[in-house]
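# Tertiary structure, described
Listed below are the residues making up each chain.
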Amino acid sequence: SDPIMISIPRGAYQAVFTRNEGAAIPSSTPAESAFDTVAKVPPGVSVCVLPLQEIPADAGSEFFADGLREELCSELSRYQDLGVIPGRKEAFPTGEAIDHAELSRRLGARFLLEGSVRRSEDVAKVSVRLIDGPEGRQIWAQGYRRPLSAGSLIEIQEEIARSVAAAVGAEY
């Protein structure tokens, strides 16, 4: 019998690790390390970063939105207690209504981060929303408006991603 029992409670997405007191611990594994290493992994919560909607859809907005999504995933991943699931663009057809509860269940993510990108020649407007997936309700939102130039795209993506990650990661 295994020294560590792994179970996933009904309706949950996080594994629970418990010590099986009756199991013999293999002599090649020290008694403490087998369980203690696993037990120190925090259960945490997970967030799926959905592709950002481009309004209107054009090549420039798509490039900016995809880069921002990548930055959001990277910045959120800095929080060890927060599991990050990058939502691939191909999996989310544009223009379709999202059933947040179903999507949350299917992806195993408690939270969904979604938003939109609007650009003009000299301004970028980004709106980001955090959705409680199972309940389908918005629990946080923030808008960002930044002056835009060819040399500032990456800087804007990094700044917005850091700000979002600080707000979302610190809370959850």
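Now for a look at the structure at hand. Remember, it's a predicted structure, so these values are computed and weren't measured experimentally.

## Focus: helix H3 (residues 100-107)
Buried residues of H3: His100, Leu103 and Ser104, and no others. Taken down its axis, H3 places every buried residue within 100 degrees of arc, on the same side. Tucked into the core, H3 has its buried residues touching strand S6 (111-119) and strand S7 (123-132). Two or three places before Ala101, at the opening of H3, Asp99 has a side-chain oxygen 3.3 Å from that residue's backbone nitrogen.

## Thoughts on the nonpolar core
Core analysis: the biggest nonpolar cluster contains 26 residues, and Leu68, Leu72, Leu76, Leu113, Val126 and Val164 have the highest contact counts within it. For this core, the secondary structure elements donating two or more residues are strand S3 (45-49), helix H2 (59-76), S6, S7 and helix H4 (153-171). Ranked by residue count, the leading element in this core is H4, at seven residues. When neighbours within four sequence positions are excluded, Leu72 is seen to be in contact with Val49, Leu52, Leu113, Ala161 and Val164. Counting six residues, the second-largest nonpolar core is a separate cluster that includes Cys48, Leu103, Ala109 and Leu112.

## Section: the pattern of salt bridges
Taken as a whole and judged by the stated rule, the model has seven salt bridges. Between Glu102 and Arg105 there is a salt bridge; the shortest N-O distance is 2.7 Å. Of the two residues, Glu102 and Arg105 are both situated in helix H3; the distance of three residues between them amounts to about one turn of the helix. Take Arg105: its relative accessible area is 47%, and that puts it in the partly exposed class. Salt-bridge contacts for Arg129 lead to Glu114; the nearest nitrogen and oxygen are separated by 3.4 Å. Residue Arg129 is located in strand S7, and its partner Glu114 is located in strand S6; the two are separated by 15 residues in the primary sequence. You can call Glu114 buried: its relative accessible area is 12%.

What counts, and at which threshold
- Residues numbered from 1 in each chain as written.
- Predicted model: local features only at pLDDT ≥ 70, side-chain atom pairs only at ≥ 80, totals over all residues.
- Heavy atoms only, no water.
- Buried < 20%, exposed > 50% of the residue type's maximum accessible area, 1.4 Å probe, protein only.
- Helix = DSSP H or I, 4+ residues; strand = E, 2+ residues; numbered from the N terminus.
- Arc of directions from axis to C-beta.
- Contact = heavy atoms within 4.5 Å.
- Polar contact = N/O pair within 3.5 Å; in protein donor to acceptor, adjacent residues only side chain to side chain.
- Core = buried A, V, L, I, M, F, W, Y, C linked by side-chain atoms within 4.5 Å.
- Salt bridge = Lys/Arg side-chain N within 4 Å of Asp/Glu carboxyl O.

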